[in-house]
Amino acid sequence: MLYPKNGLTSSTATDAAGNQGSCNFDVQVTDTEGPVIDAETLPAAPLVVPWTCGDTVVSWVDVHVVDVCDNDVFPTYTLSDGSPVQSGHAFPLGTHTITVTAADESTNETTATFDVVIIDETPPGISCEGSAILGLECTSSAGASVANAWVEPVASDVCGEVIAVTHSLVDGAVVTS
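Here the structure is a predicted model, which means the values were calculated and not measured.

Chemist: Is there a simple way to explain the side chain of T101 in this structure?
Modeler: Here T101 lies in strand β9 (residues 94-103). Given the relative accessible area of 14%, T101 is considered buried. Each residue touching T101, except ones within four places of it in the same chain, is listed here: F74, P75, T76, E109, T110 and T111.

Chemist: Would you explain the packing of aromatic side chains in this entry?
Modeler: Aromatic rings considered in pairs are described by the distance between their centres and by the relative angle of their planes. For the coordinates displayed, the defined rule picks out two aromatic pairs. Ring centres of W60 and F114 lie 5.3 Å apart, and the angle between their planes is 75°; this geometry places the pair in the edge-to-face category. In this pair, W60 sits in the loop between β5 (56-58) and β6 (65-66) while F114 sits in strand β10 (residues 109-119), placing the two residues 54 residues apart along the sequence. An aromatic cluster is built from W60, Y77 and F114, whose rings are joined through pairwise contacts.

Chemist: Is there a simple way to explain the nonpolar core in this structure?
Modeler: Most often, soluble globular proteins have nonpolar side chains that are buried together. Counting 22 residues, the largest nonpolar core has F91 and V116 as its most contacted members. Counting only elements with at least two residues in this core, the list comes to β4 (47-50), β7 (76-79), β9 and β10. Top element by residues in this core is β10. It accounts for four residues. Contact partners of F91, with chain neighbours within four places excluded, come to G54, D55, T56, V58, W60, L79, V85, H96, I98, V116 and I118.

Definitions and cut-offs
Residues numbered from 1 in each chain as written. Predicted model: local features only at pLDDT ≥ 70, side-chain atom pairs only at ≥ 80, totals over all residues. Heavy atoms only, no water. Helix = DSSP H or I, 4+ residues; strand = E, 2+ residues; numbered from the N terminus. Buried < 20%, exposed > 50% of the residue type's maximum accessible area, 1.4 Å probe, protein only. Contact = heavy atoms within 4.5 Å. Phe/Tyr/Trp six-rings, centres within 6.5 Å; stacked < 30°, edge-to-face > 60°. Core = buried A, V, L, I, M, F, W, Y, C linked by side-chain atoms within 4.5 Å.

Here you go:
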């Protein structure tokens, strides 16, 4: 017999003469099993998305959740700081861990996580105008000094500032032919 989650049940006994006696009792069905998050429906780990400068919108398909006792259990998504997030959220550059939580009516809870990784794939631009060809005069038997011999290249990045410009030939080095 399948009992409802909670409810009053009546039992009746009848003898050969047709006399009846009855009693009532409460049936309380407990649910101690948490919902199941279908791991195959979690976004691929990690979900890597190219940065689009500023915040990048990332979408995913809702995770599938099943529960033994409750038909309507839906996942919720939170960032590591506890703030809610949903598919279509705009993320800044970096790695963001999303916690998926499924809770049933009996407050049983199951969690899973996946990462959203926003990466910068665009290299900075660099211009070596004015430094394309260095015609250096030989200054000694060792070669030519490159001290202050070129115009510093100009570098830029579409989504931020350039951290460093390095040179394979350092200022003050001696070049030999």
